[in-house]
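Here are the chains, one letter per residue:
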Amino acid sequence: MPNGQASNEKNSDFLFLWGMMDVPSPNQRHPPCPLWAVQNGWSSDAPAGPLPDLQQLSLGCEPNQNLSYNHLQASGVYSKSDVATFSTRSNSHPSMQNVCKDYQSIPDILSPIVQERNIPPCSLPYNEATQQVQHYSAPNAYQAVDPSSYSPLTYRSLLNQPPTQNPLPASSPCVDPQLNHNQHLASDGGNSGSFVGFNEALTSASAPIQKQPLWSVAALSKGSINDFVPTASPPDHNLTPQSPNSESRYGLNPELLPSAVKGMAEDRAEWDGKVFISEHFSRLPPLPTTSCVIEDRGNVSPLAIRSVTYCVPSDGQTALLSRLPLGVLVTPFFNQNECLPIPLCKHTDCVVGCRWCGASMCPAMGWQDCGQRFHCPFCGKLNEVPWQQYQPTKGAEVRVDKDKRPELSMGSYETLNSEKGEAAALLLAIDVSASALTGGHLEFVTQQIHTLLTSLVRACREAGDASSNLRVGLMTYDSRIHLYDLSPDLSRPHMLVIAETEDLQLPVRERLLVPLIDCIQSIDSVLQLIPQFGAECGDSTGLPIELPVKAGLAVLQGLKCPGKLLIFHTAGLIETGHTNSSSGFFGTSKPKSIFQPSEKAVSLAKECISQGCGVHMFVLSQQDVGGAWPGHIPFLTGGALHTYSYLQGDLDRERFSVDLKRVVETETGYKAELRIFVSKNLRVSGCYGMFVPGSHPEHIALATLHSRTTVAVDLAHSKALDETGGAAVQVVLSYTSQTGERRTRVHTLTLRCSRHLQDTFRNYQAETLLTFYCKKMYCAVLERPLQELREELQTDVTEALASYRKHCCLSSVSAGQLVLPQFLRALPVYVNSLRKSEVLLPGLRSSIHQRLQQRCQVLGLDTRSTVRHFYPLLLPLLPSVDSSSPPYPEGALRCTSSSLDSRGLYLVHAPFTMLLWVGTQVPVGTLVELFNTSCFSSLPSGETNLPALENRLSVRVRSLINSLNSEVPYARKLVVVKQGDTCEEALQHHLVEDKSPNGGASYADFLYHLHVNSVRLLL
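1. Details of helix 16 (residues 766–780)
Consideration 1: Across its 15 residues, helix 16 extends 21 Å between first and last C-alpha, which sits within 8% of the 21 Å expected from 1.5 Å per residue.
Consideration 2: Within helix 16, 15 of the 15 residues are buried, leaving the element largely enclosed by the surrounding structure.

Printed below as a string of structure tokens:
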């Protein structure tokens, strides 16, 4: 295979079929399908009336399912060159069916088993009246005005218009095969893939389903979908009985539905030991959950910019018909462990970029006139090259010095500006109010701070680099502010008390922040005295949230430097001023939301952003229910909120130590500005993430950012794109480093364009769509009702499936078959998990503070962590614990209660949670080796630490836990959940394929509703 890469395109569709009661015989054929019906994905035997209900269910293929061979020849789609362009990934994989291969028919052998059961019909019918509901409210601060917005009614009229009015060929014959020379040749079939669908008896839509069958697997011939689902086997009576939460309302077997775990495992196996080469117009990258080496050859790494689709629709109408978003996920400060380091060069040595729009030089620029001019794809204008930077071109308009200049040959590079600012500082603010002094935890906090600072001094001295010497400041506060003069010239530090906190005036400035090596002894003396302070001021009413933030910001502003502000708070919190508008809750028609921060918090966050001050707050006490939530300012400034309960237990203390060390040692960019450039005929219509939105969505200001900071950028067409030129996206990040250097990091992504809708669908990935939807919806909760957002998610996916069925399905499918693109087969389970998350669908036991915390934490995650949050990793420990067990074992299971065996141990890994489920029938020897107890009833449940036992099982499990903990942004406590315990509800929230405790639908039921409504759209 060329360049040592794996083929990254697989079969484009898959078929999942629920059979009718009247099953045709194997020799019976369907009547010939009209050409127009095949071209639009409509079945020739589709019912003309309302969609019928399910009566008898079994797994199998529609008998003698044939393609229209004349249509394939007439379309001119599958010539050898085009097949090479769209070569499929792992065509030989047995789990995917090549429906069109050799145009052969597939017999249907079904074995239904019928049970008596009454099941209600579908409760989400498609209704014409619902088309009048506008799902898009007035643009908020995160989204720019889109003059080309279409209503759902307009969309449906486009969707159902005759094929002659809007011909959309199913594949692109005009894509240059040489742009994808890394791909291997696919088989000479037509639309390779398989489908998912329902075959239903023609009964009344309102009639209840009287007969409920079990699932049975048909014995299919080679090349069909017999390997897509597990082969039926005799039931194992030792398995945990299937929970009512995992049962489908419509009798569907969840185990036979498309599996997200299987898709991830296949992708990891495909890219194991291989290198993904990111080059001009590169193909689909590995999934974000797959770790592989990435080589930059002129296109940015997907770790930095991941496009929602890697084939952009050439015009707005095609993008509208897809019903899926068009955009990119930007992680500009990404971790470079999985790729080569980004090259660094001086700003003055780089070729100057576009003088019209301000875009930086990149490989997407087109050179003309022997290198004297270049064409900017972002504004479409020509630029003269300064004579000092001129070099001639050779061959296909490529400069002779291309390989010597990162800005001409690399998708990512970084420049060092000549100007240098102040180095970043570390400012510690400790609460010394009466509540803090009587809490009994200040001594531990000061000891941990002392240990951390001592290790930083040791590392600085070993490095021998004076520029790495961190400047540190210290202050304490109750209702007043206590600043400390840490000058090494003083015999001991001086305390400066500021009683007037409304208008802070600093008595001194220079000596408040001192290099750590020079002031470590002064800081140690103050830290030893803090636990011995006397309570001078009461705090019965609590302290304002803004008090320590304003004081720390004033110190950084006085010294004109960025930095991190670490606040260790204990007292109760109050929020001064009105939460939203001064007109009151009922004084305005503007919708209110519990997620909206106060105007004062937003104003203070903007001041921190302009100064480059990232706030990290450690709340060390249990806050009162209904009190102010202190997390808005920390999260809006790139920091975080960490909560503990007086640090009395060992688990809380261990978690505090890990969080404190991570916050201080994490590589951070300060006072950052993010500018986004897109192709001339595209525009940025919105940006979503954890930041304060500005007036221009293409320009974002950040106080601090780190390797997980990710922004979703929504794109829209202003005019049609040129297919030969493709599309380009450039992200320019300007930031200040820890040492005060001003740097600019440039990322450029080039994408193919096509006017064919199928090309766009084939290049979507469900994991990227999930992250984009998450950031967009979690930002929209500030302005829109939650019910409206949940309905919009379901409507978008339903209409996308209907569009793909009509415009991209080449095979003769019946009305009961649900067709999905290959890489979107996991999209229903992801979207359903997002819809029933605590943010969008609160449960009875979810508090407002928990939902606020979860929203901000998830918005700060990158793509990989977001996928893990909405589809956790469920690992069986007993069979997978061996010497070769990787952090992501191949034996990961589906997140459903039917995956749990009462004889096993299972680890649930999510970014903010780690659970260890213990079955009632776990062998006694296993309990002794892992928990040092021989009795299941005596095993403690809840938060715990595994004992450090010297045996193979204990060592491997603890090593796996430590490895998973190193990948998440927050320290977590291990929670042991025993089968049958009341704390099993914590596990149910992570079994996302089941019905959730807060009322969310199961995966099987949600997929059924998607199918029913997508078919009704085309009736």
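2. What about the side chain of Ser412?
Consideration 1: The topology assignment puts Ser412 in strand 17 (residues 412–420).
Consideration 2: Judged by its relative accessible area of 3%, Ser412 is buried.
Consideration 3: Residues contacting Ser412, with those up to four places away along its chain left out, are Asp296, Val300, Ile342, Pro343, Val746 and His747.

3. Quick look at a positive patch on the surface
Consideration 1: Side chains of Arg355, Lys381, Lys680 and Lys719 sit close together on the surface and give a patch of like positive charge.
Consideration 2: Along the chain, Lys680 turns up in the loop between strand 28 (669–678) and strand 29 (682–688).

4. Let's talk about the sheet that holds strand 12 (residues 366–368)
Neighbouring strands of a sheet are bound in pairs by backbone hydrogen bonds; such pairs are parallel or else antiparallel.
Consideration 1: Reading across the sheet, the three strands line up as 12-13-14 and stay open at both edges, with antiparallel pairing between neighbours. Strands at the two margins of the open sheet, each flanked by one partner only, are strand 12 and strand 14 (382–384). Adjacent strand axes in the sheet meet at a mean angle of 30°, parallel and antiparallel pairs treated alike.
Consideration 2: One ladder, built from three bridges, connects strand 13 (residues 373–375) with strand 14; its direction is antiparallel. In the sheet register, His375 faces strand 14, and the bridge partner there is Leu382.

5. Overview of the pairing of strand 26 (residues 613–619)
Consideration 1: Taking burial as the measure, the seven residues of strand 26 include seven buried ones, the bulk of the element.
Consideration 2: Taking every second residue as pointing to the same face, both faces of strand 26 are buried, with Cys613, Val615, Met617 and Val619 on one and Gly614, His616 and Phe618 on the other.
Consideration 3: Pairing of strand 24 (residues 563–569) with strand 26, which is carried by seven bridges, proceeds in the parallel orientation. Opposite His569, over in strand 26, you have Val619 as the bridge partner.
Consideration 4: As defined by bridge partners, strand 26 adjoins strand 27 (residues 640–643) across four bridges and the pair is classed as parallel. When the sheet's bridge partners are listed, His616 is paired in strand 27 with Ala640.

6. Quick word on the environment of Cys379
Consideration 1: Topologically, Cys379 is positioned in the loop between strand 13 and strand 14.
Consideration 2: Here Cys379 falls in the buried class, since its relative accessible area comes to 16%.
Consideration 3: A C-alpha to C-alpha distance of 5.0 Å links Cys379 and Lys680, two positions 301 residues apart in sequence.
Consideration 4: With near-sequence residues (within four places) excluded, Cys379 lies in contact with Cys354, Trp356, Cys357 and Lys680.

7. So, the packing of aromatic side chains
Consideration 1: Here the structure, examined in full by the defined rule, presents 18 aromatic pairs.
Consideration 2: Seen in terms of ring centroids, Tyr644 and Phe656 are 5.5 Å apart; in terms of plane orientation they differ by 80°. Their pairing is edge-to-face. Note that Tyr644 is positioned in the loop between strand 27 and helix 14 (650–665) and Phe656 in helix 14, a separation of 12 residues in sequence.
Consideration 3: Tyr644 sits in the buried class, given a relative accessible area of 3%.

8. A look at the sheet that holds strand 10 (residues 327–330)
Consideration 1: The four strands lie next to each other as 8-10-31-29, forming an open sheet whose pairing is antiparallel. One side of each edge strand has no neighbouring strand; the edge strands of this open sheet are strand 8 (305–307) and strand 29. Going from strand to strand, the sheet's axes swing by 25° on average, the running direction of each strand aside.
Consideration 2: Bridge count between strand 8 and strand 10: three bridges; the pairing is antiparallel. Among the inter-strand pairings, Arg306 is bridged to a residue of strand 10, identified as Leu329.
Consideration 3: Docked against the sheet, helix 16 engages strand 8, strand 10, strand 29 and strand 31 (711–717), running at close to 95° with respect to strand 31.

9. Side note on unusual backbone geometry
Consideration 1: Positioned with a positive phi, Arg323 is a non-glycine residue whose angle comes to about 65°.
Consideration 2: Within the secondary structure, Arg323 is located in the loop between helix 6 (316–322) and strand 10.
Consideration 3: Using a relative accessible area of 7% as the deciding quantity, one classes Arg323 as buried.
Consideration 4: Even without being a glycine, Cys370 presents a positive backbone phi close to 60°.
Consideration 5: Within the element layout of this structure, Cys370 appears in the loop between strand 12 and strand 13.

10. Regarding the state of the cysteines
Consideration 1: Per the counting criterion, the structure on display carries zero disulfides.
Consideration 2: As a non-bridged cysteine, Cys362 has Cys376 as the owner of its nearest cysteine sulfur, 7.5 Å distant.
Consideration 3: Judged by its relative accessible area of 1%, Cys362 falls in the buried class.
Consideration 4: The thiol of Cys608 is not disulfide-bonded; the next cysteine sulfur, from Cys613, is found 4.4 Å away.
Consideration 5: On the basis of relative accessibility, which here comes to 0%, the residue Cys608 falls in the buried class.

11. Here we look at the pairing of strand 6 (residues 275–279)
Consideration 1: Of all five residues that make up strand 6, four are buried, and the element is covered over most of its length.
Consideration 2: Two elements, strand 6 and strand 7 (residues 293–297), share five bridges in a ladder whose sense is parallel. Opposite Ser278, over in strand 7, you have Asp296 as the bridge partner.

12. Considering the packing of helix 16 against helix 20 (residues 863–870)
Consideration 1: It is at 9 Å that the axes of helix 16 and helix 20 come closest, and there the two elements cross at 85°. Our classification of the angle between helix 16 and helix 20 gives roughly perpendicular. Within the contact between the two elements, helix 16 uses Glu767, Leu770, Thr771, Cys774 and Tyr778 and helix 20 uses Thr863, Thr866, Val867 and Phe870.
Consideration 2: The class makeup of the residues in the contact of helix 16 with helix 20 is five nonpolar, three polar and one charged.

13. Regarding the nonpolar core
Consideration 1: Of all hydrophobic cores here, the largest spans 142 residues; its most connected members are Tyr830, Leu907 and Phe931.
Consideration 2: At 10 residues, helix 16 tops the list of elements feeding residues into this core.
Consideration 3: Setting aside residues up to four positions removed in sequence, Leu907 forms contacts with Leu873, Leu874, Leu875, Leu877, Met914, Leu915, Leu916, Leu960, Ile961, Leu964 and Leu974.
Consideration 4: Phe334, Val731, Leu749 and Cys753 belong to the second-largest nonpolar core, a separate cluster that totals 41 residues.

14. Some thoughts on the environment of Gln532
Consideration 1: Following the sequence through the fold, Gln532 ends up in the loop between helix 10 (516–529) and strand 23 (543–544).
Consideration 2: According to the relative accessible area criterion, Gln532 is exposed, its value standing at 63%.

15. Here's the deal with the pattern of salt bridges
Consideration 1: Under the criterion given, the structure shown has 25 salt bridges.
Consideration 2: Where Asp796 meets Arg323, a salt bridge forms, and the shortest distance between an N and an O atom there is 3.3 Å. Highlighted residues: Asp796 in helix 17 (residues 786–807) and Arg323 in the loop between helix 6 and strand 10, separated in sequence by 473 residues.
Consideration 3: Here Asp714 makes a salt bridge to Lys776, at a shortest N to O gap of 3.9 Å. Pair noted here: Asp714 is in strand 31 and Lys776 is in helix 16, with a separation of 62 residues, a long-range link.
Consideration 4: You can call Asp714 buried: its relative accessible area is 7%.
Consideration 5: On the accessibility criterion, Lys776 (15% relative accessible area) is buried.
Consideration 6: A cluster of three or more residues bridged by salt bridges with shared partners is formed by Arg399, Asp401, Arg405 and Glu407.

Cut-off values and rules
Residues numbered from 1 in each chain as written. Predicted model: local features only at pLDDT ≥ 70, side-chain atom pairs only at ≥ 80, totals over all residues. Heavy atoms only, no water. Helix = DSSP H or I, 4+ residues; strand = E, 2+ residues; numbered from the N terminus. Expected span 1.5 Å × (residues − 1). Buried < 20%, exposed > 50% of the residue type's maximum accessible area, 1.4 Å probe, protein only. Contact = heavy atoms within 4.5 Å. Patch = residues over 30% accessible without salt bridge, like charges linked within 9 Å, V, L, I, M, F, W, Y side chains within 5 Å. Areas by Shrake-Rupley, 256 points an atom, 1.4 Å probe, with all protein chains shown as cover. Salt bridge = Lys/Arg side-chain N within 4 Å of Asp/Glu carboxyl O. Lys, Arg positive; Asp, Glu negative; His and termini not counted. Charge placed at Lys NZ, Arg CZ, Asp CG, Glu CD. Pairing = 2+ DSSP bridges. Axes fitted to C-alpha atoms, helices over the stretch in contact; angles between N-to-C directions. Phe/Tyr/Trp six-rings, centres within 6.5 Å; stacked < 30°, edge-to-face > 60°. Disulfide = S-S within 2.5 Å. Parallel < 35°, antiparallel > 145°, perpendicular 65-115°, else oblique. Nonpolar A, V, L, I, M, F, W, Y, C, P; charged D, E, K, R; others polar. Core = buried A, V, L, I, M, F, W, Y, C linked by side-chain atoms within 4.5 Å.

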